[in-house]
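Observations on the model geometry
Listed below, chain by chain, are the residues.
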Amino acid sequence: YEKLDKFRDDFLWGSASAAYQVEGAWDKDGKGESVWDVYTKLPGTTFKNTNGDVAVDHYNRYKEDVALMAEMGLKAYRFSIAWTRIYPDGKSEVNEEGLKFYENLIDELIANDIKPVITLYHWDLPKHLQDLYGGWESREIIHDFNKYCVTLFKRFGDKVKHWVSLNEQNIFMTLGYVTAMHPPAVKDQKRMLQANHIANLANATVIESFKTYVPGGMIGPSFAFGPVYPFSCNPKDVLSAENAEDLNCNWWLDVYCKGKYPAFAFKYYERLGIAPVIEEGDLELLERVKPDFIGINYYQTSTVAFNPLDGVGQSEGINNTGKKGTAKESGLPGVFKNAKNPHLETTNWDWAIDPTGLRVGLRRLTSKYNLPILITENGLGEFDKLEENDVVDDAHRIDYLSAHVKACKEAVSDGVDLLGYCTWSFTDLLSWLNGYQKRYGFVYIDRDENDQKDLRRIKKNSFYWYKNVISSNGEEL
Ligand code: BG6
């Protein structure tokens, strides 16, 4: 286009985080244990055995962090609530001290004109529920999750209007039950598909409750979206891309937005004898409940090619979600195999850098589901360096984000209804399996894997860049 459309006036220029990755204070003020509190302490699970016991100490320093957000002019801050702070064992007694922490955070944000965006579940399942009934594998979780969410809707629903239900169900299910890289570290796709179906029901149940308790609010899931490209225009590659898009994207998005599983993928799992067992009433619930927006976490696209019946299979440590997948040889025989896209550069963690893919993805979602979209995460994980005089020159991050915001602007000009854009992340934080060396923030945190140092907050160059993006409402990139 010669001239691009402007972002809406109330565009949510935001940034995001998750409780386990920033808060620390893992056992303070009545908090119960989550599966991550335990998993990261098992030898060999994370880079240099790092955990989130202290993380970046946001629990104690949230006021300082919010002051930095206010200085930047942030319009929205997406954070998750730790279920175990609210219900320490996941189900019985509510913990007022936990609610109070989030109330203080919410009030501090609102006092600084920053809209809170609450994620209800960002992977830190109460350990007790995992032990008691296998967590997401039992239908009992639907009731307990709903009870926890309703507590939050009642307490915060008048102040907070933007909510995210489940963060990256596709990732926590695949890494939890297929590649065994996240808790509960199982390798069993049948169990994954069944637990995933239960998570779909839980998601729909809390969205339905939300409509009762938070009138005028908006809620949607956040999906790790890696749009799929065919490696070439060979029809066999194109068909493989259709297969991968159905199994890796539509398998979740169609359920959220249309209330049904995609036909090809369901049939494929039925043939393997691992399709989820659907009980009476399940499909009615899924069809009845729709999100108000689609949240997407966008990091990269994936590229796939034809894979014959005797071709490559899923290999160790690699998944097919497009987001965390690497370009090494892996795939599903007769369905697709992952390929490296020769047109794209990659990050130091081998993630394809593809701003155009974001535009493609936003367009696909709009054509398929016709719902507003909130970008709930997008960002670059890199080794940033603290230099003399507290300078952190993260030009690479500015380039990355700038290109992605431009892609958003193009998508808006294409007709996409985009509510906002949250970067991942505001401060540096714990990158689950990658320790603290993989940094995403606008604010550098002075700590590393072995040494908590002073956890000082230092503004990177990208901090000033994003401040200007916000004040110009995305006109100056
Ligand atoms: C998403 C998550 O998967 O991507 C975040 O919602 C995560 O919690 C982010 O940190 C980046 O992934 P990683 O593995 O680089 O930390």
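Bear in mind that the values here come from a model prediction, so they are computed numbers and not experimental data.

1. Some thoughts on the side chain of Ser80
Locating Ser80 in the fold gives a position in strand β2 (residues 76–80). From its side chain, Ser80 meets the backbone nitrogen of Ala19 in a polar contact 2.7 Å long. Leaving out residues up to four positions away in the same chain, Ser80 has contacts with Ser17, Ala18, Ala19, Glu23, Tyr102, Thr119 and His122.

2. Let's talk about the nonpolar core
By size, the foremost hydrophobic cluster in this structure holds 146 residues, and its most contacted members are Trp136, Phe145 and Trp163. For this core, the element with the highest residue contribution is helix α9 (residues 189–213), accounting for 11 residues. Setting aside residues no more than four positions away along its own chain, Trp136 makes contact with Tyr121, Leu125, Ile141, Phe145, Leu166, Phe172, Met173, Tyr177, Ala195, Ile198, Ala199 and Ala202.

3. Overview of the pattern of salt bridges
Working definition: two side chains of opposite charge can pair if their charged atoms are close together. Considering all chains together, one arrives at 36 salt bridges under this definition. Salt-bridge contacts for Glu377 lead to Arg78; the nearest nitrogen and oxygen are separated by 3.0 Å. Of this pair, Glu377 sits in strand β11 (residues 373–377) while Arg78 sits in strand β2; the two residues are 299 residues apart in sequence, bridging distant segments of the chain. Pair check on accessibility: Glu377 and Arg78 agree, each one buried. Ionic contacts of the salt-bridge type, sharing partners, join the residues Asp384, Asp394, Arg397, Asp428, Arg439 and Lys460 into one network.

4. A few points about the sheet that holds strand β5 (residues 218–224)
Taking strand neighbours around the barrel as the criterion, the 8 strands line up as β1-β2-β3-β4-β5-β7-β11-β12 in a closed arrangement whose pairing is parallel. Taking each pair of neighbouring strands and ignoring which way they run, the sheet shows an average axis angle of 25°. Here strand β3 (residues 115–121) pairs with strand β4 (residues 162–167) via 4 bridges, running parallel. Its bridge partner lying in β4, Tyr121 is registered against Leu166. Seen against the sheet, helix α5 (residues 96–111) touches β2 and β3 and runs at an angle of roughly 170° to β2. Contacts between α9 and the sheet are confined to β4 and β5, with β4 contributing the most and set at about 165° to the helix.

5. A short note on the site of the ligand
The ligand sits among 17 residues. The nearest are Gln21, Glu168, Ser431, Lys438 and Tyr440. With respect to the ligand, the side chain of Trp432 contributes an N or O atom lying 2.8 Å from an oxygen atom. Contacts to the ligand include Asn434, whose side-chain N or O atom sits 3.5 Å from an oxygen atom. Burial of the ligand by the protein chains amounts to 98% of its free accessible area of 380 Å². Here the residues of the shell around the ligand are counted per class, giving 6 nonpolar, 6 polar and 5 charged.

6. Points about the sheet that holds strand β8 (residues 302–305)
Reading across from one edge, β6-β8-β10-β9 is the order of the 4 strands in this open sheet, with mixed pairing throughout. A single partner strand is all that each edge strand has here, and the edge strands are β6 (228–230) and β9 (331–332). Both β6 and β8 contribute to a ladder of 3 bridges, which runs parallel. What sits directly across from Val228, in β8, is Ser302. Running over the sheet, helix α10 (residues 235–258) touches β6, β8, β9 and β10 (336–339) and is turned about 170° from β6.

7. Some words on the packing of aromatic side chains
Using the criterion set out here, one finds 42 aromatic pairs in the structure. Between Trp83 and Tyr148 the ring centres are 5.0 Å apart and the planes differ by 10°, which places this aromatic pair in the stacked class. Within this pair, whereas Trp83 is found in helix α4 (residues 83–86), its partner Tyr148 is found in helix α7 (residues 140–156), the two being separated by 65 residues in sequence. Grouping residues by exposure puts Trp83 and Tyr148 together as buried. Grouping aromatic residues by their ring pairs yields a cluster made of Phe7, Phe11, Trp13, Tyr421, Phe442, Trp465 and Tyr466. Taking the ring centre of Phe463 as reference, the NZ or CZ of Lys459 above it sits at 5.7 Å.

8. A closer look at α9
Taking 1.5 Å as the rise per residue, α9 with 25 residues should run 36 Å; its terminal C-alpha atoms sit 36 Å apart, in good agreement. The distance from a side-chain oxygen at the start of α9 to the backbone nitrogen of Lys190 is 3.1 Å, and the residue carrying that oxygen is Asp188.

9. Focus on the UniProt feature "active site" (unreviewed entry) in the protein
Feature annotation in UniProt assigns "active site" (unreviewed entry) to the following positions: Glu377. Taking relative accessible area as the criterion, Glu377 reaches 4% and is therefore assigned buried. Aside from chain neighbours lying at most four places away, what touches Glu377 is Ala16, Arg78, His122, Asn167, Glu168, Ile296, Asn297, Tyr298, Tyr299, Cys422 and Trp424. A distance of 3.0 Å separates a polar atom in the side chain of Glu377 from a polar atom in the side chain of Arg78.

Thresholds applied
- Residues numbered from 1 in each chain as written.
- Predicted model: local features only at pLDDT ≥ 70, side-chain atom pairs only at ≥ 80, totals over all residues.
- Heavy atoms only, no water.
- Helix = DSSP H or I, 4+ residues; strand = E, 2+ residues; numbered from the N terminus.
- Polar contact = N/O pair within 3.5 Å; in protein donor to acceptor, adjacent residues only side chain to side chain.
- Contact = heavy atoms within 4.5 Å.
- Core = buried A, V, L, I, M, F, W, Y, C linked by side-chain atoms within 4.5 Å.
- Buried < 20%, exposed > 50% of the residue type's maximum accessible area, 1.4 Å probe, protein only.
- Salt bridge = Lys/Arg side-chain N within 4 Å of Asp/Glu carboxyl O.
- Pairing = 2+ DSSP bridges.
- Axes fitted to C-alpha atoms, helices over the stretch in contact; angles between N-to-C directions.
- Near = heavy atom within 4 Å.
- Areas by Shrake-Rupley, 256 points an atom, 1.4 Å probe, with all protein chains shown as cover.
- Nonpolar A, V, L, I, M, F, W, Y, C, P; charged D, E, K, R; others polar.
- Phe/Tyr/Trp six-rings, centres within 6.5 Å; stacked < 30°, edge-to-face > 60°.
- Lys NZ or Arg CZ within 6 Å of the ring centre and 35° of its normal.
- Expected span 1.5 Å × (residues − 1).
- UniProt positions renumbered as here; feature names shortened; annotations may be inferred.

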